[in-house]
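Tertiary structure, described
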Amino acid sequence: QVHLVESGGGLVQTGGSLRLSCATSDRPFNDYAMGWFRQAPGQGREFVAAISFDGASTRYADSVKDRFTISRGIARNTMYLEMNDLTLEDTAIYYCCIRTEGKTGYEVASYDYWGKGTQVTVSS
């Protein structure tokens, strides 16, 4: 089993920034692609950002492009999501996830393991 733990969530004002972290406890999975999804109350889990196994390729949802930056530190088994210029619509539980097979795409079903999430609340 792969264990993922998110951290860094909290309460921030509109226009502020937060840096989320996702730590893995299993080094062998550092060679797999990872991603971030988020889910607001009453909404489905939506794609936010993804990063390739080597960190060379990234992809973002249109709603966060140019505001969020995904990165990973393979040696530390850690992935990051830098969030800037936050808006009220960014309020959600943010989940990190990982692929353990050669899957593609950016849907929930494309990822095999998930963390428990970290709450991000943006207020005016």
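Going by the structure above, here's the rest.
Residues numbered from 1 in each chain as written. Predicted model: local features only at pLDDT ≥ 70, side-chain atom pairs only at ≥ 80, totals over all residues. Heavy atoms only, no water.

Among the structural elements, Ser21 can be located in strand S3 (residues 18–24). A relative accessible area of 16% means that Ser21 is categorised as buried. Beyond its immediate stretch of four places on either side in the chain, Ser21 contacts Val5, Glu6, Ser7, Trp36, Thr78, Met79 and Tyr80. (Helix = DSSP H or I, 4+ residues; strand = E, 2+ residues; numbered from the N terminus. Buried < 20%, exposed > 50% of the residue type's maximum accessible area, 1.4 Å probe, protein only. Contact = heavy atoms within 4.5 Å.)

Moving on: the packing of aromatic side chains. Each aromatic ring pair is described using two quantities: the centre-to-centre distance and the angle formed by the ring planes. Per the counting criterion, the structure on display carries five aromatic pairs. Ring centres of Phe37 and Phe47 lie 5.6 Å apart, and the angle between their planes is 75 degrees; on these two criteria the pair is classed as edge-to-face. Note that Phe37 is positioned in strand S4 (residues 34–39) and Phe47 in strand S5 (residues 46–51), a separation of ten residues in sequence. Considering the side-chain rings of Phe37 and Trp114, the 5.1 Å spacing of their centres and the 65 degrees angle between planes classify their relative orientation as edge-to-face. Note that Phe37 is positioned in strand S4 and Trp114 in strand S10 (residues 113–114), a separation of 77 residues in sequence. An aromatic cluster is present here, built from Phe37, Phe47, Tyr106, Tyr111 and Trp114 joined pairwise through their rings. We note Arg99 situated over the ring of Tyr106; from NZ or CZ to the ring centre the distance is 5.9 Å. Sitting over the ring of Tyr111, Arg99 keeps its end group 4.5 Å from the ring centre. (Phe/Tyr/Trp six-rings, centres within 6.5 Å; stacked < 30°, edge-to-face > 60°. Lys NZ or Arg CZ within 6 Å of the ring centre and 35° of its normal.)

This part is about the layout of surface pockets. Considering only enclosed or pocket space, the largest pocket measures out at about 190 Å³ in volume. Forming the walls of the largest pocket are 15 residues, and the residues nearest its centre are Ala33, Ile51, Ser52, Arg99 and Tyr106. Elements with a minimum of two residues in the lining of the largest pocket: S5 and strand S6 (58–60). (1 Å grid on protein atoms, 1.4 Å probe; cavity = no way out; pocket = protein on both sides within 12 Å on 5 of 7 lines; lining within 4 Å. Points joined across faces, edges and corners; volume = space filled by probe spheres on them.)

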